[in-house]
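Here is what each chain is made of, one letter per residue.
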Amino acid sequence: MEIVYDVSSAVGDVNQTDNMVPIEMTNKTGTNLADLNEYCLLDIFSCDYLTPADLSSLADTCKRFKQIAERVFPKQFGIISEKYLIGRETSDSKSKYFRQKSIESILKNFGFRLSTFKLDETNEDVVSLIAKYCSKVHLTRLEIHGMKSIEGVRLQLQSIFNRLLKLSVNNCDFRGTSPDITCDALIELRITESTGCGPILTKTFPNLERFIYRYDSMWSKISDDNTSIIVAFIENHRHLKTLQLIGSSIYCNSELVDAIGNSGQELEVLTLQSLMRPKISFDVPNLLSLPKLWRLDLDINFENYNQIIALLQASPVLREVKLYFEVEIPVQVFDSLAQQQHLRELILYYYSFDRIDWSMLTQLRKLVLFTLVSKFGPVDLLKIVRQLTNLEELRVDDYKGSDAFLLSERDFDRIVRIVERRSNVLTLKCRHEFKLSENCEKNRKVKLLKIN
């Protein structure tokens, strides 16, 4: 039996028969998704529970839905191998997973909008889809993960490589890759835990500004000493603004330090972490000049005192320094820091700071200490607060998973009395177990924040 509603009579008696009539007939704005305005649709399409595959299905519905779906689709997108349910959305929301059959539809609808693409052990069919639907888009970043060989990817995505601005390669193998890699537009190159990097590191990228290289040969089956190839790469890229070298495949020797000093006139950020130590300490024969360097991140051990001090003295505009001490803190390091009048932020990793004369560093605004509770106590904390008269932020945290320093209410009151005579406000971040008293709550000179 077919039931026919008389719409005109039903709506005419809506006030009397509201519970008897379908809601579609009582809602003047309509209840179909297509009847909603653009703002409502944007809210619905932006919901976290909609996967990229869902948005693609909506885009296939009509031209209006396609335009709205294009606006909310994330510009970062990732593809992973079939064994992980190929495909992973990489926006800030919770990751969504979908199967390979949806990938072509997604790339067809949204590939032209993507700015970042992630590939992880992707099969050739997926790479060919990327080449088909994303070749005309100006990708700002391409991330490749876990590829045993990236030569096939390079060949199929050559047009994308040609216009690429950022390239990130993680846990891949460059051996067998053609040296004809063309990325002249590249401004950032990031290589992490990848082997056989010669084909790409022998290339010159005329616009490169940021180079990040991380490889720890201690945990790899392949023992690589990449010092010479890294030195040559630095010498061929004299316009680098960021240089980060991390891992035991590089020796912090005189050749490396000289290359940084001779080629780093534009360098602003420098990180040298966990590098292999030279067998003997060496002098830096020439005074290093890094006139634009404002951030420095270094390891310090017995063998590299001279080059570390040379780097600390190389820039007149140094503002942020992070130091990892493996041995007793040398006085010469703090003498060099004291000469940096623009130094505002200092981060130190060491188990004891009792011998430091903090009054040498009154220019500091922020100090972060990672230390051992057995070597750092209230006396050390009060000494720092008294001597660093311009300090605006102080954080004390545990060193290498040790027991953390615990601030008592009595010591906090002492700090308040020291700081209350100053014009600046001090933000203190550390662990404590007491509740702030009413007097502490009213205090505006010291803000106490608890860290986990």
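Residues numbered from 1 in each chain as written. Predicted model: local features only at pLDDT ≥ 70, side-chain atom pairs only at ≥ 80, totals over all residues. Heavy atoms only, no water.

Observations concerning the side chain of Asp299
Reasoning step 1: Along the chain, Asp299 turns up in strand S10 (residues 295-300).
Reasoning step 2: Judged by its relative accessible area of 11%, Asp299 is buried.
Reasoning step 3: A distance of 2.6 Å separates a polar side-chain atom of Asp299 from the backbone nitrogen of Ser274. (Helix = DSSP H or I, 4+ residues; strand = E, 2+ residues; numbered from the N terminus. Buried < 20%, exposed > 50% of the residue type's maximum accessible area, 1.4 Å probe, protein only. Polar contact = N/O pair within 3.5 Å; in protein donor to acceptor, adjacent residues only side chain to side chain.)

Quick look at the confidence of the model for the chain
Reasoning step 1: Averaged over all residues, the pLDDT of the chain equals 80, while 79% of them reach at least 70.
Reasoning step 2: Contacts for the low-pLDDT stretch residues 1-21, under 50 throughout, to residues beyond four places or in other chains number ten contacts.
Reasoning step 3: For the stretch residues 82-98, pLDDT sits under 50, and the model shows 54 contacts to residues farther than four places along the chain or on other chains. (pLDDT = per-residue confidence, 0-100. Contact = heavy atoms within 4.5 Å.)

Examining the side chain of Glu188
Reasoning step 1: When you line up the elements, Glu188 lands in strand S6 (residues 188-192).
Reasoning step 2: Beyond its immediate sequence surroundings of up to four residues, Glu188 is in contact with Arg141, Leu165, Lys166, Leu167, Leu208, Arg210 and Ile212.

So, the pattern of salt bridges
A side chain with one charge may pair with a side chain of the opposite charge, provided their charged atoms come close.
Reasoning step 1: Summed over the entire model, instances satisfying the criterion amount to 17 salt bridges.
Reasoning step 2: Between Glu188 and Arg210 there is a salt bridge whose closest N-O contact spans 2.8 Å. Highlighted residues: Glu188 in strand S6 and Arg210 in strand S7 (residues 210-214), separated in sequence by 22 residues.
Reasoning step 3: Here Glu188 falls in the buried class, since its relative accessible area comes to 6%.
Reasoning step 4: In this structure, Glu266 and Lys292 form a salt bridge, with 2.8 Å as the shortest nitrogen-oxygen distance. Placement of Glu266 in the loop between helix H11 (254-263) and strand S9 (269-273) and of Lys292 in the loop between S9 and S10 is noted, with a sequence separation of 26 residues between them.
Reasoning step 5: Glu266 gets classed as partly exposed once you look at its relative accessible area, which sits at 24%. (Salt bridge = Lys/Arg side-chain N within 4 Å of Asp/Glu carboxyl O.)

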